[in-house]
Amino acid sequence: MGRVPKSTILNRRKSRRETGPSEKAEPVRIDILRRKSTDDAPYWQSFLYTPESSSDTVAMALTGINSQENLRDVDGNPAEEIRWEKSCLQKKCGACAMVICGRPMLACDAFLSELKQPVRLEPLRKFPVVADLMVDRSVMFRNLKDMSAWLQQNAEPSEKKNLPAHEASRCIQCGCCLEVCPNFMPDSSFFGMAAMVPSARILTFSKTGKGEFQEEYRRHIYEGCGKSLACRNICPAGIDIEGLLVRSNAAAVWHRRAAKK
Ligand code: SF4
Ligand code: SF4
Ligand code: FES
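Since the model is a prediction, treat every value here as computed from it, not as a measurement. (Residues numbered from 1 in each chain as written. Chains lettered and ligands numbered in written order. Predicted model: local features only at pLDDT ≥ 70, side-chain atom pairs only at ≥ 80, totals over all residues.)

Caption draft 1: Main features of the overall build of the protein chain. In terms of regular secondary structure, the protein chain is built from eight helices and seven strands. Burial status across the protein chain gives 35% buried among its 261 residues. Across the protein chain, the fraction of contacts at a sequence separation of at least 24, relative to all contacts at a separation of at least 6, is 70%. (Helix = DSSP H or I, 4+ residues; strand = E, 2+ residues; numbered from the N terminus. Buried ≥ 20, exposed ≤ 12 C-beta atoms within 10 Å, placed from the backbone. Contact = placed C-beta atoms within 7 Å.)

Structure follows, in structure tokens:
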């Protein structure tokens with residue numbers, strides 16, 4: 001969701017405190033784009049979920065719906081358990097990324113009280129769907145491997161110049177930035193922000209093999225990125241994508257060209 005102003009966060013917390021569990025909650029309708037498996041046709045199915053408090057999230061709704069015995073949809077038809085991925089439930093792992101009301105978000109960080117109803121859930125569209133809201137994001141990790149995006153030696157922590165690397169290390173590889181990128185396609189040579197952000201760490205810390213990595217960066221990030229910055233305010237980790245992009249382009253492309261002259 002990009003950098004959310006502090007005052008907004010405080011207002012969000014305040015409003016959640018003000019509306020507690022004592023209030024009678026209305027059921028929320030959740031529309032889900034479902035698919036039994038990769039090869040099956042998608043279809044919409046709707047469920048009702050009654051929040052226990054105004055801080056209930058989409059992740060809590062999915063867990064609540066799945067915990068029902070003899071699960072039924074909004075029309076009373078028998079339904080199968082909804083498949084989706086989760087792990088930390090604390091915005092730390094990126095597993096629960098999905099499209100929520102048209103925007104890529106983390107289900108564990110999407111509050112029902114702040115969403116337009118009915119709440120529409122779809123899988124991320126840039127990755128193959130495994131089932132329901134579960135996608136195969138392995139292309140992101142293959143891309144990092146292709147670029148050899150890892151440090152070849154120990155990093156030296158705590159220097160001021162390492163701040164961009166610390167910012168970049170907050171990337172949880174959720175794929176939300178790729179969802180909104182007009183230039184990223186899973187099979188293209190452009191690897192998107194999910195590869196640019198970890199690259200910023202390498203460009204900051206690397207002492208050896210820097211030339212090769214700069215070349216990988218130029219080929220897989222600099223040349224394919226249209227600099228539209230559609231991805232700027234979408235990151236659930238609130239990473240300063242624009243700042244890192246400017247620094248990384250300078251470190252990998254402009255400084256290198258200047259050094260060659
Ligand atoms: S700046 Fe535009 S083209 Fe580049 S990664 Fe972001 S959305 Fe994609
Ligand atoms: S940069 Fe942000 S949106 Fe993109 S993969 Fe990393 S955490 Fe997710
Ligand atoms: S479950 Fe880990 S980020 Fe949502």
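Caption draft 2: Molecular detail of the pairing of strand S5 (residues 119–122). In this structure, strand S1 (residues 28–34) lies alongside S5, joined through three bridges in parallel fashion. Along S5, the bridge assignment pairs Ile30 with Val119. Of the pairings in the sheet, the one linking strand S3 (residues 97–100) to S5 comprises two bridges and is antiparallel in character. Counterpart to Val99 in the pairing with S5 is Glu122. (Pairing = 2+ DSSP bridges.)

Caption draft 3: Up close: the site of ligand 1. Around ligand 1, the neighbouring residues are Cys181, Asn183, Phe184, Gly192, Met193, Cys225, Gly226, Lys227, Ser228, Leu229, Ala230 and Cys231. A class-by-class count of the residues in the shell around ligand 1 yields seven nonpolar, four polar and one charged. (Near = placed C-beta within 6 Å. Nonpolar A, V, L, I, M, F, W, Y, C, P; charged D, E, K, R; others polar.)

Caption draft 4: Summary view of the confidence of the model for the protein chain. Confidence along the protein chain averages 87 in pLDDT terms, with 83% of residues attaining 70 or more. Within the model, the stretch residues 1–19 combines pLDDT values under 50 with 13 contacts to residues more than four positions away or in other chains. (pLDDT = per-residue confidence, 0-100.)

Caption draft 5: Examining the site of ligand 2 more closely. Ligand 2 sits among 15 residues. The nearest are Cys171, Cys174, Cys177, Ala194 and Cys235. Of all elements in the fold, only helix H5 (176–179) and helix H6 (193–205) reach the threshold of two or more residues within the shell around ligand 2. It is H6 that contributes the most residues to the shell around ligand 2, three residues altogether. Split by residue class, the shell around ligand 2 holds 12 nonpolar, three polar and no charged.

Caption draft 6: Structural detail: the nonpolar core. Val58, Met98, Ala107, Cys177, Val197 and Ile241 are the most contacted members of the largest nonpolar core, which totals 65 residues. In terms of residue count, the dominant contributor to this core is H6 (nine residues). The residue makeup of this core includes at least three contributed by each of domain 1 (6–135) and domain 2 (138–260). Beyond its immediate sequence surroundings of up to four residues, Val58 is in contact with Ile100, Ala107, Ala110, Leu112, Val119 and Leu121. (Core = buried A, V, L, I, M, F, W, Y, C linked by C-beta atoms within 7 Å. Domains from an automatic or database assignment.)

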